[in-house]
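Each chain, letter by letter, is given below.
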Amino acid sequence: MNTIGFKPALPVIPGSKKLGLFSFNGGNQPIDFKPRGVCLIKVAMEETQTLKVDVQGKVDKLANGHAGKNHSHLSTIGNSTNIKWHECPVEKTDRQKLLQQKGCVIWITGLSGSGKSSVACALSQMLYQRGKLSYILDGDNVRHGLNRDLSFKAEDRVENIRRVGEVAKLFADAGFICIACLISPYKRDRAACRAMLPSGDFIEVFMDVPLRVCEDRDPKGLYKLARAGKIKGFTGIDDPYESPLDAEIVLQCNTGDCSTPSDMAGKVISYLEEKGYLQA
Ligand SMILES: Nc1ncnc2c1ncn2[C@@H]1O[C@H](COP(=O)(O)OS(=O)(=O)O)[C@@H](OP(=O)(O)O)[C@H]1O
Ligand SMILES: Nc1ncnc2c1ncn2[C@@H]1O[C@H](COP(=O)(O)OP(=O)(O)O)[C@@H](O)[C@H]1O
């Protein structure tokens, strides 16, 4: 693929979108394809854009080039053969402008009882109060529906995380601030979810709460059951939890005396503000 620059032949009114006929006239890099005179291209805000051009002269926006999207050709993705990505005129950037925020995924990981759901709820509430749209994908809740066929065996946890990662990606593309809170015990699976999103849009939050604190809380009595051998493969007891080393945000609580979920959520809000996610 070559990259070329192009300038629309008609003026672009700032803040507006158009469909129109444009000729390639602004490329200053060598290209080896033959433009067919005019092409129907959707115009974005900028006067000059970098486009990908394949050998057949088909055009593909670089910005949307993440996993699985092949705009020009039939693809095989997993067991799905002969599939093609369909673009629509309303894109993520348009939805973000509408919502005045940037779509992203806040991925909260930690042991059962570490406070993931509490922080997720507090965060969602604080965002709501600021007029920002979020949606929570809570492991427990998603297992009531979409993932009801999955157990807590290692391979089912992997599939659980993969599915939630994919759903979270869709929410982020819709412009939502998607808050996923799952134990997600394996580093590799969290990394795979991170890789589904454009750089920066996956924000990992580690609930750094030791097992003894979680076990003391034991709101559902599950640790007690696991210690008694009545639940097998319970995370932290007889199933592994791999702590993140590269989380964007670490929320620590070493003793029973922790800061409140709202204070913790406040740190996430500060991060989102600093990184510009709370504006379009
Ligand atoms: N074996 C075992 N191990 C860990 N957790 C268990 C298990 N069995 C049931 N539960 C309950 O399921 C909730 C975790 O679901 P997740 O989907 O977040 O788990 S995972 O990410 O697939 O590991 C978890 O909820 P949270 O306490 O909210 O984390 C538990 O209540
Ligand atoms: N920051 C906190 N300080 C004290 N208790 C907390 C805190 N966050 C959560 N809890 C309590 O700990 C228990 C587990 O919280 P929860 O949010 O359900 O964790 P998780 O979703 O990780 O299982 C609940 O009883 C909750 O009220």
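Residues numbered from 1 in each chain as written. Chains lettered and ligands numbered in written order. Predicted model: local features only at pLDDT ≥ 70, side-chain atom pairs only at ≥ 80, totals over all residues. Heavy atoms only, no water.

1. Points about the confidence of the model for the chain
Model confidence for the chain is summarised by a mean pLDDT of 82, while 74% of its residues fall at 70 or above. Here residues 1-67 is modelled with pLDDT under 50, and outside its nearest four sequence neighbours on either side it reaches 102 contacts, counting other chains as well. The complex prediction reports pTM at 0.81, with the ipTM value standing at 0.99. (pLDDT = per-residue confidence, 0-100. Contact = heavy atoms within 4.5 Å.)

2. Let's talk about unusual backbone geometry
Not every positive phi belongs to a glycine, and Asn-82 is a case in point at roughly 55°. Tracing the backbone shows Asn-82 in strand 7 (residues 80-83). With a phi close to 55°, Gln-100 is a non-glycine residue in the positive phi region. Topologically, Gln-100 is positioned in the loop between helix 1 (92-99) and strand 8 (104-109). Classification of Gln-100 as partly exposed rests on a relative accessible area of 42%. (Helix = DSSP H or I, 4+ residues; strand = E, 2+ residues; numbered from the N terminus. Buried < 20%, exposed > 50% of the residue type's maximum accessible area, 1.4 Å probe, protein only.)

3. Some thoughts on the packing of aromatic side chains
Applying the stated criterion across every chain yields a total of 5 aromatic pairs. Ring geometry for Tyr-135 against Phe-171: centres 5.0 Å apart, planes inclined by 5°, an arrangement best described as stacked. Of this pair, Tyr-135 sits in strand 9 (residues 134-138) while Phe-171 sits in helix 4 (residues 154-173), placing them 36 residues apart in sequence. Considering the side-chain rings of Phe-206 and Tyr-241, the 6.2 Å spacing of their centres and the 20° angle between planes classify their relative orientation as stacked. On the criterion of sequence distance, the pair formed by Phe-206 in strand 11 (residues 202-208) and Tyr-241 in the loop between helix 7 (222-227) and strand 12 (249-252) is long-range, its members being 35 residues apart. By relative accessible area, Phe-206 is classed as buried at 8%. What makes Tyr-241 buried here is its relative accessible area of 17%. A connected cluster of aromatic rings, assembled from ring pairs, spans Tyr-135, Phe-171 and Phe-176. (Phe/Tyr/Trp six-rings, centres within 6.5 Å; stacked < 30°, edge-to-face > 60°.)

4. Considerations on the site of ligand 1
As a structural note, the neighbourhood of ligand 1 is formed by 19 residues, with Ser-112, Lys-116, Arg-143, Asn-160 and Lys-220 the closest of them. Contacts to ligand 1 include Lys-116, whose side-chain N or O atom sits 2.8 Å from an oxygen atom. A distance of 3.3 Å is found between an oxygen atom of ligand 1 and a side-chain nitrogen or oxygen belonging to Asp-140. Expressed as a share of its isolated accessible area of 620 Å², the protein-covered part of ligand 1 is 92%. Mapped onto the shell around ligand 1, the elements with two or more residues apiece are helix 3 (139-142) and helix 4. Of the residues forming the shell around ligand 1, the biggest block, 3 residues, is contributed by helix 4. Of the residues assigned to the shell around ligand 1, the class counts are 7 nonpolar, 7 polar and 5 charged. (Near = heavy atom within 4 Å. Polar contact = N/O pair within 3.5 Å; in protein donor to acceptor, adjacent residues only side chain to side chain. Areas by Shrake-Rupley, 256 points an atom, 1.4 Å probe, with all protein chains shown as cover. Nonpolar A, V, L, I, M, F, W, Y, C, P; charged D, E, K, R; others polar.)

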